[in-house]
There are 2 protein chains.
Amino acid sequence: QEVNKLLELKSQLGDEAPQKFTLKTPKGTRDYGPQQMAVRNRVLEKIITVFKRHGAETIDTPVFELKEVLTGKYGEDSKLIYDLADQGGEILSLRYDLTVPFARYLAMNKISNVKRYQIAKVYRRDNPAMTKGRYREFYQCDFDIAGQYDPMIPDAECVRVAVEILSSLDIGNFMVKVNHRRLLDGLFEACGIPSQSFRTACSSVDKLDKSPWEEVRAEMVGEKQLNPDAVDKVGEYVRLHGDAELADKLIADPKFDVTYLFPGETPNHVENSTDGPVSVGSVAGGGRYDNLVGMFDSKGKQVPCVGISIGVERIFSILEAKLANEKANSALLRTTEIEAYVASAQKNLLPERMKLCRELWDAGVKVETSYKQNPKLLAQLQYCEERGIPFALVLGEAEIAQGVVKLREVSSRKEEDIPRANLAEEIRKRLQS
Amino acid sequence: QEVNKLLELKSQLGDEAPQKFTLKTPKGTRDYGPQQMAVRNRVLEKIITVFKRHGAETIDTPVFELKEVLTGKYGEDSKLIYDLADQGGEILSLRYDLTVPFARYLAMNKISNVKRYQIAKVYRRDNPAMTKGRYREFYQCDFDIAGQYDPMIPDAECVRVAVEILSSLDIGNFMVKVNHRRLLDGLFEACGIPSQSFRTACSSVDKLDKSPWEEVRAEMVGEKQLNPDAVDKVGEYVRLHGDAELADKLIADPKFDVTYLFPGETPNHVENSTDGPVSVGSVAGGGRYDNLVGMFDSKGKQVPCVGISIGVERIFSILEAKLANEKANSALLRTTEIEAYVASAQKNLLPERMKLCRELWDAGVKVETSYKQNPKLLAQLQYCEERGIPFALVLGEAEIAQGVVKLREVSSRKEEDIPRANLAEEIRKRLQS
């Protein structure tokens, strides 16, 4: 009814003159065309496969929340939240991420443990650098483990999930950098830094991103007055980074107990990046948020959480760029899954084409036919070639009389008459080989 | 980086006292929990299978549009559009349906033909009757064919798509009612109604929903002064409805040419409905909108369109209700796809459990293990039963020493030692049989 009413309204509007428009999508947003959707869906499918392999359930939350749910969660970034106009009723804002709505969901439903993934768009009134794949409307792709568990066990699985995902996507080399305060504190302790100095030592070590160890050491020993021997021991460890050597060394090191980590993962520090044809910086990130759910619970009941977020927009950009390169090499990205095209060589065979389509649809074969009464054969075959459709099924009066269909392999142009009763099976057999 | 910054901000907030909240989703919206998502994803998968069988591509558009894109498209329903607050910059509104954004997309990209589906949420500030499955945020699930084609051919495919979808979903009986002005006009003409009276005759015939033919006839013959013989002929046809008899009769009738319709579809009139355990009225609808794209084109260039929209929210409601019934009969709807659970009978085997998980994940098996250091065996096995996980893989020191794993079929509780190297294959084999 709703649809009919709408269509009626729309048809009435047809009499008006065309309006003058700036024909565009809102700033920082974009349409995804069929090719982009094909890339996007392949990426998301691979990611979901990994999430499911780890037993994650999925949930969905509304695109907007009561404004007060978001208030106070994002610090100064709150100014980037999209508010809805006050049209009477509740005051609403678009979600800024998937984490706060997830925490609200947990508290509201008194859920104390769950492993869930959620893939959905979030909204930020940022000034986007769209060439870098940053938008005001963009996907987040989150995997989180909520619940009171023994330390580091769910955390390790999050790292593992990120590794499986990045390995399954065709995005080149990447490096996982694990930077856990608990590890760093343990390292400080083992090296002889007093616990009251952990925080200040940590802020120095953080600078290793930009500064050489000598400068960091000077700050720790000088300004921060830490014991030079202890600092040198710290230096031995924090300058190691990124490969299996470190994992082996730490596992073998009697000072550490790293059995919490899934053997084979690299317990280390910093952030993710990719090399390869396109280098894009961070493509995933994550961490713990143990206090967020408690902010929503009237009694402040905590549900510790840890999660990772896959930067799918950047991954889309990498793969779209790759695709554009490959296209120059004339590879074809199909945007449909059509297996066969019903064509006719003669006029007035539309009902016969439709009948054949129906038989094949009933048999689960993906087919289409021209929407023209009397399309030209050449045009029909050309359509198959342009679209990468594997088979053309050519019907003429002779074929109909004999109960066969001319099955044409589009790439080789080889043709063979196939009895109609065997057609669906024959197509399936040929597609498998 | 963004994620890290966010997590940092969140962790700082942990010190604050819990706030007092009305913990709810906005009016007319809901969260989908894991069970609802499982139902939803199964429905959408089946629908997408049909769309793909018919060669549809998919696109995505932003959740909001420039307000002026939506203005003037929905008549008095415009008051139901959600506007975004004016925070500087463009004036935006949330999409009200998928049809107007699709038309904007076609005009903006000068696309003159495409067959596309789109599944996404739309927003209406309606007063929702949520018990009936109506919300302010809800899914639309559209299939549209844009392009200048021979009459009725894409329209017939839309009907066929609706039939395939409703047949593939487990929602009971349904009736497709086709009501095309072109058919009705042809019928009027064949019966001898003068063309200037088509519109008034049509408005009488429309009343057959609520009134018996005698009343409609009286109005046509009396108030509208139509020829009684012609009206009686019309009556012969419009009182037929809903089954194959009519299609056969019309196909055989020399007065009509219905070869445009896919043989076997029912060319008739009105709207869709379902019977069965839950009766819910219309579950799909559609029609032509030939003038909408032209409203966005600066030269008023038209792209004729026809499409259908599947009422997935109602379908979700039907299936959720069914599920609730079946649950009483203790059927289990799984919300994860976990195939095996790695359990241990002894203490201190966490690293071994993790190692086994890793081997199986590498082999593509869906496994999980407890996040506790030393979970109790009974608790682990109970978890498998509650969750419908087919296999438990029990590890003890004896099994590790022998290089085997105890494979336990959770439902029968039968156990067998399997060499570790064959484990993934064995699980896969047993799942297939």
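Residues numbered from 1 in each chain as written. Chains lettered and ligands numbered in written order. Predicted model: local features only at pLDDT ≥ 70, side-chain atom pairs only at ≥ 80, totals over all residues. Heavy atoms only, no water.

## A look at the overall build of chain A
Then step 1. Counting its secondary structure elements, chain A contains 16 helices and 14 strands.
Then step 2. Across chain A, the fraction of contacts at a sequence separation of at least 24, relative to all contacts at a separation of at least 6, is 65%.
Then step 3. By element, 48% of the accessible surface of chain A is carried by carbon and sulfur atoms, the whole surface being about 19,500 Å². (Helix = DSSP H or I, 4+ residues; strand = E, 2+ residues; numbered from the N terminus. Contact = heavy atoms within 4.5 Å. Areas by Shrake-Rupley, 256 points an atom, 1.4 Å probe, with all protein chains shown as cover.)

## Structural notes on the relation of the copies chain B and chain A
Then step 1. Mapping chain B onto chain A calls for a rotation angle of 180 degrees and an axial translation of 0.0 Å; the resulting RMSD is 0.1 Å. Taken together, the turn and the small shift mark the pair as related by a two-fold rotation axis.
Then step 2. Here 99% of the interface residues in chain B have copies in chain A that are interface residues too; the copies meet face to matching face. (Least-squares fit on C-alpha atoms with pLDDT ≥ 70 in both.)

## Some points on the pairing of strand 9 (residues 305-310) of chain A
Note on strand geometry: in a regular strand, side chains alternate between the two faces of the sheet.
Residues and elements named next belong to chain A.
Then step 1. A large share of strand 9 lies buried, amounting to six of its six residues.
Then step 2. Side chains Cys305, Gly307 and Ser309 of strand 9 all project onto a buried face; the interleaved residues Val306, Ile308 and Ile310 project onto the opposite face, where all are buried too.
Then step 3. Relative to strand 9, strand 5 (residues 137-146) runs antiparallel, the two sharing five bridges. Counted as the bridge partner of Ile145 is Val306 from strand 9. (Buried < 20%, exposed > 50% of the residue type's maximum accessible area, 1.4 Å probe, protein only. Pairing = 2+ DSSP bridges.)

## A closer look at the pairing of strand 4 (residues 114-123) of chain B
Residue and element names in this part refer to chain B.
Then step 1. Most of strand 4 is tucked away: nine of the 10 residues are buried.
Then step 2. Summarising the sheet, strand 1 (residues 57-58) and strand 4 pair through two bridges and their orientation is parallel. Bridged to Thr58 within strand 4 is Tyr117.
Then step 3. Pairing analysis gives 10 bridges linking strand 4 to strand 5 (residues 137-146), with the strands arranged antiparallel. Bridge pairing in strand 5 links Tyr117 to Phe143.

## Quick notes on the sheet that holds strand 10 (residues 340-344) of chain B
All names here are of chain B.
Then step 1. Within the open sheet, the five strands sit side by side as 11-10-12-13-14. Their pairing is mixed. This sheet does not close on itself; its edge strands, each paired only once, are strand 11 (367-369) and strand 14 (415-419). On average, each strand axis in the sheet is inclined to that of its neighbour by 30 degrees, with strand direction left out of account.
Then step 2. As paired strands, strand 12 (residues 391-395) and strand 13 (residues 404-409) are joined by four bridges and run antiparallel to one another. (Axes fitted to C-alpha atoms, helices over the stretch in contact; angles between N-to-C directions.)

## Re helix 2 (residues 34-53) of chain B
Residue and element names in this part refer to chain B.
Then step 1. Taking 1.5 Å of rise per residue, the 20 residues of helix 2 would be expected to cover 28 Å, and the 28 Å separating its terminal C-alpha atoms lies within 8% of that figure.
Then step 2. Where helix 2 is concerned, the buried positions are Pro34, Met37, Ala38, Val39, Arg40, Val43, Leu44, Ile47, Val50, Phe51 and Arg53.
Then step 3. Of the residues one or two after helix 2, Gly55 is the one with positive phi, at around 75 degrees. (Expected span 1.5 Å × (residues − 1).)

## Focus: the environment of Asn127 of chain A
Residue and element names in this part refer to chain A.
Then step 1. Tracing the backbone shows Asn127 in the loop between strand 4 (114-123) and strand 5.
Then step 2. With 100 residues separating them in the primary sequence, Asn127 and Lys27 have C-alpha atoms 9.1 Å apart.
Then step 3. Not counting residues up to four positions away in its chain, the partners in contact with Asn127 are Lys27 and Arg136.

## Comments concerning the packing of helix 5 (residues 153-168) of chain A against helix 12 (residues 350-362) of chain B
What describes two packed helices is the angle between their axes and the distance between those same axes.
Then step 1. The geometry of helix 5 of chain A relative to helix 12 of chain B is characterised by a closest axis approach of 13 Å and an angle of 20 degrees between their N-to-C directions. The angle between the axes of helix 5 of chain A and helix 12 of chain B places the two elements in the roughly parallel class. In the packing of helix 5 of chain A onto helix 12 of chain B, the handedness of the crossing is right-handed. Listed contacts from helix 12 of chain B to Ile153, Glu157, Arg160 and Glu164 of chain A of helix 5 of chain A are Leu350, Met354, Arg358, Trp361 and Asp362 of chain B.
Then step 2. Its residues assigned to classes, the contact of helix 5 of chain A with helix 12 of chain B comprises four nonpolar, no polar and five charged. (Parallel < 35°, antiparallel > 145°, perpendicular 65-115°, else oblique. Left-handed = near helix turned anticlockwise from the far one by under 90°. Nonpolar A, V, L, I, M, F, W, Y, C, P; charged D, E, K, R; others polar.)

## Quick look at the sheet that holds strand 12 (residues 391-395) of chain A
Residues and elements named next belong to chain A.
Then step 1. If you trace the five strands from one edge of the open sheet to the other, you get 11-10-12-13-14, paired in mixed fashion. Where the open sheet ends on each side, the last strands, each with one partner, are strand 11 (367-369) and strand 14 (415-419). Put simply, the sheet's adjacent strands are angled 30 degrees from each other on average, direction ignored.

## Here we look at the packing of aromatic side chains
Residues and elements named next belong to chain B.
Then step 1. Counted under the stated rule, the structure contains 20 aromatic pairs over all chains.
Then step 2. Seen from their ring centres, Phe51 and Phe143 are 5.5 Å apart, and the 20 degrees between their planes marks the pair as stacked. Placement of the pair is Phe51 in helix 2 and Phe143 in strand 5, with a sequence separation of 92 residues. Accessibility classification places Phe51 together with Phe143 in one group, the buried group.
Then step 3. Ring centres of Phe188 and Phe198 lie 5.8 Å apart, and the angle between their planes is 40 degrees; this geometry places the pair in the tilted category. A residue pair is termed long-range when its members are at least 10 positions apart, and Phe188 in helix 6 (residues 181-191) and Phe198 in helix 7 (residues 198-205) qualify at 10 residues. The two residues Phe188 and Phe198 agree in class, both being buried. (Phe/Tyr/Trp six-rings, centres within 6.5 Å; stacked < 30°, edge-to-face > 60°.)

## Things to note about the interface of chain B and chain A
Then step 1. Listed as interface residues are 133 residues of chain B and, on the opposing side, 132 residues of chain A.
Then step 2. Counting each side, the surface lost to burial between chain B and chain A is near 11,400 Å², with a carbon and sulfur contribution of 58%.
Then step 3. For the pair chain B and chain A, the interface holds 16 salt bridges.
Then step 4. In this structure, Asp31 of chain B and Arg104 of chain A form a salt bridge, with 2.6 Å as the shortest nitrogen-oxygen distance. (Buried area = accessible area lost by both parts, 1.4 Å probe. Salt bridge = Lys/Arg side-chain N within 4 Å of Asp/Glu carboxyl O.)

## Brief notes about unusual backbone geometry
Then step 1. The phi dihedral of Met152 of chain A is positive, around 75 degrees, even though this residue is not glycine.
Then step 2. Examined against the element boundaries, Met152 of chain A turns out to sit in the loop between strand 5 and helix 5.
Then step 3. Judged by its relative accessible area of 10%, Met152 of chain A is buried.
Then step 4. Here the phi dihedral of Arg413 of chain B falls at roughly 65 degrees; this positive angle occurs in a residue that is not glycine.
Then step 5. Looking at the element boundaries, Arg413 of chain B is found in the loop between strand 13 and strand 14.

## A word on the environment of Thr336 of chain B
Then step 1. You can see Thr336 of chain B is positioned in the loop between helix 11 (312-328) and strand 10.
Then step 2. Relative accessible area serves as the criterion here: at 9%, Thr336 of chain B is assigned to the buried category.
Then step 3. Between the alpha carbons of Thr336 of chain B and Arg387 of chain B there is a distance of 8.3 Å; along the sequence they are 51 residues apart.
Then step 4. Sequence-distant contacts of Thr336 of chain B, defined by excluding residues within four places in its chain, comprise Gly55, Ala56 and Glu57 of chain A together with Arg387 of chain B.
Then step 5. Looking at Thr336 of chain B, its side chain comes within polar contact range of the main-chain nitrogen of Ile338 of chain B, at 3.4 Å. (Polar contact = N/O pair within 3.5 Å; in protein donor to acceptor, adjacent residues only side chain to side chain.)

## Description of the nonpolar core
Then step 1. In this structure, Phe64 and Leu94 of chain A together with Phe64 and Leu94 of chain B are the most contacted members of the largest nonpolar core, which totals 60 residues.
Then step 2. Contact partners of Phe64 of chain A, with chain neighbours within four places excluded, come to Leu84, Leu92, Ser93, Leu94 and Arg95 of chain A together with Pro26, Thr29, Tyr82, Leu94 and Tyr123 of chain B. (Core = buried A, V, L, I, M, F, W, Y, C linked by side-chain atoms within 4.5 Å.)

## Looking at the side chain of Ser309 of chain B
Then step 1. Note on placement: Ser309 of chain B falls in strand 9 (residues 305-310).
Then step 2. Reaching out from Ser309 of chain B, the side chain makes a polar contact with the side chain of Asp142 of chain B at a distance of 2.7 Å.

## With respect to the pattern of salt bridges
All names here are of chain B.
Then step 1. For the structure shown, the criterion picks out 66 salt bridges over all chains.
Then step 2. Asp155 is the partner of Arg288 in a salt bridge, and the nearest nitrogen-oxygen pair spans 2.8 Å. In this pair, Arg288 is assigned in strand 8 (residues 284-288) and Asp155 in helix 5 (residues 153-168), connecting sequence segments 133 residues apart.
Then step 3. By relative accessible area, Arg288 is classed as partly exposed at 27%.
Then step 4. On the basis of relative accessibility, which here comes to 8%, the residue Asp155 falls in the buried class.

## Some thoughts on the environment of Asn41 of chain B
Then step 1. Of note, Asn41 of chain B is situated in helix 2.
Then step 2. Residues Asn41 of chain B and Phe316 of chain B lie 275 residues apart in sequence; the distance between their C-alpha atoms is 9.8 Å.

## So, the packing of helix 6 (residues 181-191) of chain A against helix 7 (residues 198-205) of chain A
Residues and elements named next belong to chain A.
Then step 1. Running from N to C, helix 6 and helix 7 cross one another at 110 degrees; their axes reach a closest spacing of 11 Å. It follows that helix 6 is roughly perpendicular to helix 7 by the angle criterion. Residues Arg181, Leu184, Asp185, Phe188 and Glu189 of helix 6 pack against Phe198, Arg199, Ala201, Cys202 and Val205 of helix 7.
Then step 2. A per-class count over the contact of helix 6 with helix 7 returns six nonpolar, no polar and four charged.

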